[in-house]
Amino acid sequence: MKVIVGSKNPVKSQAVENILKKIYPPQEVEVLSREVDSGVPDQPLGQDETIQGAVNRAKNAYSDEFDLSVGIESGLVPAKETITGYVDMQWCAIYDGEKVTLGVSAGFEYPPYVVGEVLNGREVGHVMDELTGVDNLGKKRGAVSFLTGGLLDRVGNSEQCVLMAMVPRINTNLYQNKVISNNRI
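Residues numbered from 1 in each chain as written. Predicted model: local features only at pLDDT ≥ 70, side-chain atom pairs only at ≥ 80, totals over all residues. Heavy atoms only, no water.

1. Description of the sheet that holds strand β4 (residues 86–95)
- Sheet architecture is open: 5 strands sit in the order β2-β1-β3-β4-β5, paired in mixed fashion. This sheet does not close on itself; its edge strands, each paired only once, are β2 (30–33) and β5 (100–104). Ignoring which end each strand starts from, the neighbouring axes of this sheet average 25° apart.
- One ladder, built from 5 bridges, connects β4 with β5; its direction is antiparallel. Across the sheet, residue C92 finds its bridge partner in β5, namely G103. (Pairing = 2+ DSSP bridges. Helix = DSSP H or I, 4+ residues; strand = E, 2+ residues; numbered from the N terminus. Axes fitted to C-alpha atoms, helices over the stretch in contact; angles between N-to-C directions.)

2. Description of unusual backbone geometry
- Positive phi, close to 70°, is recorded for E81, a residue that is not glycine.
- Tracing the backbone shows E81 in the loop between β3 (68–78) and β4.
- Here E81 falls in the exposed class, since its relative accessible area comes to 84%. (Buried < 20%, exposed > 50% of the residue type's maximum accessible area, 1.4 Å probe, protein only.)

3. A look at the nonpolar core
- If you look at the biggest cluster of nonpolar residues, it comprises 16 residues, and the most contacted ones within it are V3, V16, V70, I72, C92, I94 and V162.
- Taken together, the elements giving at least two residues each to this core come down to β1 (2–5), α1 (10–23), β3, β4 and α6 (154–170).
- With 4 residues, α6 is the single largest residue contributor to this core.
- If near-sequence neighbours (up to four positions away) are discounted, C92 is found in contact with A54, V70, G71, I72, T101, L102, G103, C161, V162 and A165.
- Listed in part, the 13 residues of the second largest apolar core include V118, V127, A143 and V144. (Core = buried A, V, L, I, M, F, W, Y, C linked by side-chain atoms within 4.5 Å. Contact = heavy atoms within 4.5 Å.)

4. Considering the pairing of β4
- The buried fraction of β4 is high, at 10 of 10 residues.
- Residues Y86, D88, Q90, C92 and I94 point to one face of β4 and V87, M89, W91, A93 and Y95 to the other, with burial holding for every one of them.
- Note that β3 and β4 share 10 bridges and pair antiparallel. Counted as the bridge partner of V77 is V87 from β4.
- The hairpin turn running from β4 into β5, its antiparallel successor, is 4 residues long, and G97 in that turn takes a positive phi close to 95°.

5. Details of the state of the cysteines
- Summed over all chains, the structure comprises 0 disulfides.
- Left without a disulfide partner, C92 is nearest to the cysteine sulfur of C161, which lies 4.8 Å away.
- In this structure C92 comes out as buried when scored by relative accessible area, which is 0%.
- For C161, a relative accessible area of 0% puts it in the buried group. (Disulfide = S-S within 2.5 Å.)

6. Considerations on the pattern of salt bridges
- All told, the structure shown has 8 salt bridges when counted by the stated rule.
- For D96, the salt bridge is made with K99, and the minimal N-O distance between the two is 3.8 Å.
- The exposure class of D96 is partly exposed, given its relative accessible area of 22%.
- The structure contains a network of salt bridges with shared partners spanning E35, R57 and E73. (Salt bridge = Lys/Arg side-chain N within 4 Å of Asp/Glu carboxyl O.)

7. Considerations on the side chain of T50
- Positionally, T50 belongs in helix α2 (residues 47–61).
- What makes T50 buried here is its relative accessible area of 0%.
- A distance of 2.7 Å separates the side chain of T50 from the backbone oxygen of G46, its partner in a polar contact.
- Leave out the neighbours within four places in its chain, and T50 touches P44, E73, S74, G75, M89 and W91. (Polar contact = N/O pair within 3.5 Å; in protein donor to acceptor, adjacent residues only side chain to side chain.)

8. A closer look at α6
- With 17 residues, α6 should cover 24 Å at 1.5 Å per step; its first-to-last C-alpha distance of 23 Å lies within 8% of that length.
- In terms of residue burial, α6 counts as a mostly covered element, since 12 of its 17 residues are buried.
- Turning to α6, its buried residues number three or more, namely R154, V155, G156, N157, S158, E159, C161, V162, A165, M166, P168 and R169.
- The secondary structure elements touched by the buried residues of α6 are α1, β3, β4, β5, α5 (143–147) and α7 (172–175).
- The distance from a side-chain oxygen at the start of α6 to the backbone nitrogen of V155 is 3.3 Å, and the residue carrying that oxygen is D153. (Expected span 1.5 Å × (residues − 1).)

In structure tokens form, the structure reads like this:
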């Protein structure tokens, strides 16, 4: 299985490799990466923009030489009842040349100062680098590691969205040609 990740961020590639090697025979998984345009602002705001960035990354990375392409995008999503009104969520889109499957990671809230700076036009990564004193924190252990005291790092958080995007691919018999009713349970 040959896979391309639409980002040169090593955390994203590592998360994809870790999950796919749990699903498929490890020796058959080859994960490569290339930088592609997400088609959304560097700091996505809102669920729609964040999902679109992930889908664009997956589709822009894809070519016939790969079985799958993967796009991962983090963004601030409005969330009522939170301290700041926003939660960071990481979306993964997996594309096979025909269909896209999506998954999302566990969300977490940034400190009010960080969200305020982002709403004033800055990127989370730059603000968190200043706050922590770690250059390129997002390409290392990630803000989530800093904020959880190391209980969850960015690779682990990214693995969540990759695994969730693989659910329909792991269970293809449950996701083929099914009609969805508008009736609520």
